[in-house]
Protein chains: 2
Amino acid sequence: MTDGNVVVALDVGGTGMKCALVRPDGTVAHAERHPTDAERGPAAVVDTILSVAGALAGKAHAAGLAPIGAGVVVPGVVDEARGRAVWSANVGFRDIPLRDLVSARLGLPAALGHDVRAGGLAEARLGAGRDARHVLFVAIGTGIAAAHVVDGSAAVGAHGAAGEIGHILVRPDGPRCGCGRPGCLEAVASASAVARRYAELAGRAESTDEPQQADGATQAHGPQPADGADGASVGVPVPGATMVTAAEVADRAAAGESLAGRVWREAVEALADGLATGQALFDVETVVLGGGLAQAGDLLLDPLRVALRERLTFHREPRLVPATLGDEAGCLGAALLALDQLETR
Amino acid sequence: MTDGNVVVALDVGGTGMKCALVRPDGTVAHAERHPTDAERGPAAVVDTILSVAGALAGKAHAAGLAPIGAGVVVPGVVDEARGRAVWSANVGFRDIPLRDLVSARLGLPAALGHDVRAGGLAEARLGAGRDARHVLFVAIGTGIAAAHVVDGSAAVGAHGAAGEIGHILVRPDGPRCGCGRPGCLEAVASASAVARRYAELAGRAESTDEPQQADGATQAHGPQPADGADGASVGVPVPGATMVTAAEVADRAAAGESLAGRVWREAVEALADGLATGQALFDVETVVLGGGLAQAGDLLLDPLRVALRERLTFHREPRLVPATLGDEAGCLGAALLALDQLETR
């Protein structure tokens, strides 16, 4: 009968939920997706989580599988020990005892975790970091966050907030971050920061006919222009320019467009500074890059390896590899949390 | 008989060795100090370590105590799993199998560790962090290094190099660090950096009669003067000015001297940036400050708490407390490593 055991796994994001029935060996017996519809408010989202989890357990039974536990991961600040979704901007959770709600609905032991830490756990144990004992997973998308995984366990922190590599200082004179501080890594090198910076510079080039300063493109370490202090309000983006995504900036840079090259180089330099800080503190074997920006592949990894190497004067250089589990990492990590919890009971 | 059990503990530094016989409850049965005389070369230092350890075991026996193990901690890069002192600038070690050498000399199980990580371990378990599960110990002296201790165990890293908070970037346009990179925390905020910066600015004020720029004192986040890129070679320190220590800079700042106030403020701001980065990544309950600079006490802690609070927009603020074990922390940590190893055998 244990051959048919599965855990119910849900990765709840701001826009969608990735859901699966996962076997103890990490293989997926069934997968499905649902919209989160976060605009309905946190209570409605919790209802959806519970009914999707219940329906998944029902599907398991119908397929002759035995659900033995559940794992749910959410963004924001998560108190894993107490099983509470403490705070989340994009799903609206405020101190919700989600673990116990799921457990009560399913009549099964449940685990609650953090989406990026769970994704890192999955990449470290099943994905790109599976040969390493010390892994730093860095997800670069709208924001930037990390999971430090040692011996298959992700650091949670004292208040469920470890791994916020997006909010470390890299450019004291850089653009203001969504968190309120200037110069955070996320404000310079996230996918949205790259797109915003390109739009800003393209708009400025369009709205003035002045040539760019000759040293502007190579001055990635130097001060940003003073009017770049608030990235959200500067520049006059030309129509259309705002639609250029970070991936397109990477492509344009590779095609030799000088403005895109400058923006990409600035982002890569800032990421290298952030990863060098991570390596100084964590000393890992492998850094796994995930999230939207990592889909730029070698356009990101090649220059980033060079820039990181320049910064590591006495530290061992970590392997820098792309994530391999794609956007299923968080859901697989939710399953691993459920399985780990069953093991320690 | 187990009432008389002790471990032999040595903290080997660049100038001196702190040595003790420590009981399983962490109390010290006997303590002594010896010069390291590192200029004799690593082989002679190893000889001294072995003879001091042997003599300590002999003293234990003579006092009716039973030495049951040994712990040695050294600076630099330490491979704790393999028991090797991989690299150390100030003692000159290059891949020395110190654990096995000590074990063979004493006929006892031995552990090898890193001095700052061991100091952090002791502060977390016996000192200022003993009420917290998640502790970051930061030693600020000639250099700056940290130990991240969770549940009484210090993170070592994949290559024995975790915790190098002195080498995270805080001022991209700041002075060059001894490691070769510009703007490391250690290059801006270590005790030696504070003394050097004061000497540099005092020398400059002396050698020119120009008034300081009005914004110079408040521009801690802004770019440093271009000629400050290499802190070691700029300025013309006046005779005597180079003799002002970081502690004296703190005192002069407290007494209202404007130049000292500026230097101290710059260091505090940089330290706050470094600690905020640490908190973003580790999310600890308590930050314990040790090392020479921490002896400035409230002159450091009070402004540092304010500056750190400004930087933590969504993270929980850690308790910021001074170390309580003084310069015995490393030696006590060596004893804890020895005891931990005996427990896991």
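Residues numbered from 1 in each chain as written. Chains lettered and ligands numbered in written order. Predicted model: local features only at pLDDT ≥ 70, side-chain atom pairs only at ≥ 80, totals over all residues. Heavy atoms only, no water.

## Section: the overall build of chain A
Threshold: Segments assigned H or I by DSSP are reported as helices when at least four residues long, segments assigned E as strands when at least two residues long, and all are numbered from the N terminus. For every residue, the accessible area obtained with a 1.4 Å probe (protein chains only) is divided by the maximum for its type, and the residue is called buried under 20%, exposed over 50%, and partly exposed between those limits. Accessible surface area values rest on a Shrake-Rupley calculation with a 1.4 Å probe, where residue burial reflects the displayed protein chains alone.
For chain A, the helix and strand inventory stands at 9 helices and 13 strands. Counting across all 345 residues of chain A, residues that qualify as buried make up 59%. With an accessible surface of roughly 13,600 Å², chain A has 52% of that area assigned to carbon and sulfur atoms.

## With respect to the environment of D327(A)
All names here are of chain A. Put simply, the rule is: Between two residues, a contact is recorded if the distance between any of their heavy atoms is within 4.5 Å. Whenever two N or O atoms come within 3.5 Å, that pair is a polar contact, provided that in protein one can donate a hydrogen and the other can accept it, and provided that, for residues adjacent in sequence, both atoms are side-chain atoms.
With respect to the helices, strands and loops of the structure, D327 is situated in the loop between β13 (319-322) and α9 (329-344). On a C-alpha basis, the gap between D327 and G119 in space is 8.5 Å, while along the polypeptide they are 208 residues apart. Residues within four places of D327 in sequence aside, it is in contact with K18 and R33. Separated by 2.8 Å, the side chains of D327 and R33 make a polar contact.

## Details of the relation of the copies chain B and chain A
Put simply, the rule is: When the copies are superposed, the least-squares fit takes in the C-alpha atoms of residues with a pLDDT of at least 70 in both.
Superposing chain B onto chain A requires a rotation of 180 degrees together with a translation of 0.0 Å along the rotation axis, leaving an RMSD of 0.1 Å. In symmetry terms, the pair is related by a two-fold rotation axis. The residues that chain B uses at the interface reappear at the interface of chain A in 100% of cases, marking a shared surface.

## Notes on the pattern of salt bridges
To keep things clear, this is the line we draw: Here, a salt bridge means any side-chain nitrogen of Lys or Arg that lies within 4 Å of a carboxyl oxygen of Asp or Glu.
For the structure on display, the rule yields 38 salt bridges over all chains. In this structure, D151(B) engages R133(B) in a salt bridge whose closest nitrogen and oxygen atoms are separated by 2.6 Å. Of this pair, D151(B) sits in the loop between β10 (144-150) and β11 (153-154) while R133(B) is found in the loop between α3 (115-126) and β9 (134-140), placing the two residues 18 residues apart along the sequence. With its nearest N and O atoms 3.8 Å apart, the salt bridge here joins R311(B) to E310(B). When its relative accessible area of 46% is taken as the criterion, E310(B) is described as partly exposed. Among the ionic contacts, a cluster of salt bridges with common partners joins R171(A), E269(A), D273(A), E310(A) and R311(A).

## A few points about the nonpolar core
Quick reminder of the rule: As used in this record, nonpolar core signifies buried Ala, Val, Leu, Ile, Met, Phe, Trp, Tyr and Cys residues forming a set joined through side-chain atoms within 4.5 Å.
Within the largest apolar cluster, 96 residues are counted, with the highest numbers of intra-cluster contacts made by V138(A), W264(A), L289(A), V138(B), W264(B) and L289(B). When neighbours within four sequence positions are excluded, L289(B) is seen to be in contact with V138(B), I140(B), L275(B), A294(B), L300(B), L301(B), L304(B), L320(B), V321(B), P322(B) and A323(B).

## Some words on the packing of aromatic side chains
The geometry of two aromatic rings is summed up by the distance between their centres and the angle between their planes. Applicable threshold: Any two rings among Phe, Tyr and Trp, with Trp reduced to its six-membered ring, count as a pair given centres within 6.5 Å; such a pair is stacked if its planes are under 30 degrees apart, edge-to-face if over 60, and tilted if neither.
Applying the stated criterion across every chain, the model contains 1 aromatic pair over all chains. On the numbers, 5.4 Å between centres and 85 degrees between planes, the contact of F282(A) with F282(B) is edge-to-face. Here F282(B) lies in helix α7 (residues 258-282) and F282(A) lies in helix α7 (residues 258-282), a pairing that spans two chains.

## Notes on the sheet that holds strand β3 (residues 28-35) of chain B
Residue and element names in this part refer to chain B. What counts here: A strand pair is defined by DSSP finding two or more bridges across the two strands. Note on geometry: axes are lines fitted to C-alpha atoms, helical ones only across the stretch in contact, with angles between N-to-C directions running from 0 to 180 degrees.
Pairing within the open sheet is mixed, and its 5 strands lie in the order β3-β2-β1-β4-β8. Edge positions in the sheet fall to β3 and β8 (110-114), since each of these pairs with one other strand and no more. In this sheet, neighbouring strand axes are inclined to one another by 15 degrees on average, regardless of whether the strands run parallel or antiparallel. Where strand β1 (residues 5-12) and strand β4 (residues 66-74) come together, 7 bridges link them in parallel fashion. Bridge pairing links A9 to G71 in β4. Docked against the sheet, helix α2 (residues 98-106) engages β1, β4 and β8, running at close to 145 degrees with respect to β8.

## Concerning the environment of D95(B)
Residues and elements named next belong to chain B. Mapped onto the secondary structure, D95 falls in strand β7 (residues 94-96). Measuring from C-alpha to C-alpha, the distance between D95 and D79 comes to 8.9 Å, with 16 residues separating the pair along the chain. Ignoring any residue separated from it by four or fewer positions in sequence, one finds D95 in contact with R82, R84, A85 and V86.

## A few points about the pairing of strand β9 (residues 134-140) of chain A
All names here are of chain A. In terms of residue burial, β9 counts as a mostly covered element, since 7 of its 7 residues are buried. Because side chains alternate across β9, one face comprises the buried residues H134, L136, V138 and I140, and the other comprises V135, F137 and A139, equally buried. Sheet topology places β9 next to strand β10 (residues 144-150); 7 bridges connect them, and they run antiparallel. Bridge pairing links I140 to I144 in β10. Here β9 hands over to β10 after 3 residues, the two strands then running antiparallel side by side.

## What to know about the confidence of the model for chain A
Under the convention used in this document: On a scale of 0 to 100, pLDDT captures the predictor's confidence in every residue.
Of the residues in chain A, 89% reach a pLDDT of 70 or more, and the chain-wide mean stands at 89. Here residues 209-238 of chain A is a poorly scored stretch, pLDDT under 50, and it has 48 contacts once near neighbours within four places are set aside; other chains count.

## Let's talk about the environment of L106(A)
All names here are of chain A. On the secondary structure map, L106 appears in helix α2 (residues 98-106). Sequence separation of L106 and L50 is 56 residues, and the distance between their C-alpha atoms is 8.3 Å. For L106, the residues in contact, after removing those within four places along its chain, are V8, A53, G54, A57 and A70.

## Some thoughts on unusual backbone geometry
All names here are of chain B. With phi around 55 degrees, D95 is a residue other than glycine that occupies positive phi space. With a relative accessible area of 36%, D95 lands in the partly exposed category. The backbone of D151 shows a phi angle near 50 degrees, a positive value even though the residue is not glycine. In this structure D151 comes out as partly exposed when scored by relative accessible area, which is 49%.

## Describing the interface of chain B and chain A
Filter applied, for reference: Accessible-area loss on putting two parts together, using a 1.4 Å probe and summing over both, is the definition of buried area adopted here. Just so you know the grouping, Ala, Val, Leu, Ile, Met, Phe, Trp, Tyr, Cys and Pro go in nonpolar, Asp, Glu, Lys and Arg go in charged, and all remaining residues, Gly too, go in polar.
Listed by partner, the interface residues are 35 residues for chain B and 35 residues for chain A. The largest contributions to the chain B side of the interface with chain A come from H159(B), R181(B) and L281(B), which together make up 20% of the buried area. Applying the counting criterion to the chain B and chain A interface returns 0 salt bridges. One can count 20 residue pairs in polar contact (both at pLDDT 80 or more) joining chain B with chain A. Looking at the side of chain B that touches chain A, the elements that each hand over two or more residues are α7 and α8 (298-311) of chain B. The leading source of residues in the side of chain B that touches chain A is α7(B), at 5 residues. Residue classes in the side of chain B that touches chain A are distributed as 15 nonpolar, 10 polar and 10 charged.

## A closer look at α9(A)
Residue and element names in this part refer to chain A. Formally: Between the first and last residue of a helix there are one fewer steps than residues, each counted as 1.5 Å, and that sum is the expected span.
Here α9 contains 16 residues, and its C-alpha end-to-end distance of 22 Å stays within 8% of the 22 Å for a straight helix at 1.5 Å per residue. Burial within α9 is extensive, with 12 of its 16 residues counted as buried. Among all positions in α9, only A329, G330, C331, L332, G333, A334, A335, L336, L337, A338, L339 and Q341 are buried.

## Describing the packing of α3(B) against helix α9 (residues 329-344) of chain B
Residues and elements named next belong to chain B. To keep things clear, this is the line we draw: Here the word oblique covers every angle except those under 35 degrees (roughly parallel), over 145 (roughly antiparallel) and from 65 to 115 (roughly perpendicular).
It is the contact of α3 with α9, at a shortest axis distance of 7 Å, that shows an interaxial angle of 85 degrees. When the interaxial angle is binned, α3 and α9 end up roughly perpendicular. Between α3, through D115, A118, G119, L121, A122, E123, R125 and L126, and α9, the contact on the second element is made entirely by A329, G330, L332, G333, A334, L336, L337 and D340. Looking at the contact of α3 with α9, its residues break down into 9 nonpolar, 3 polar and 4 charged.

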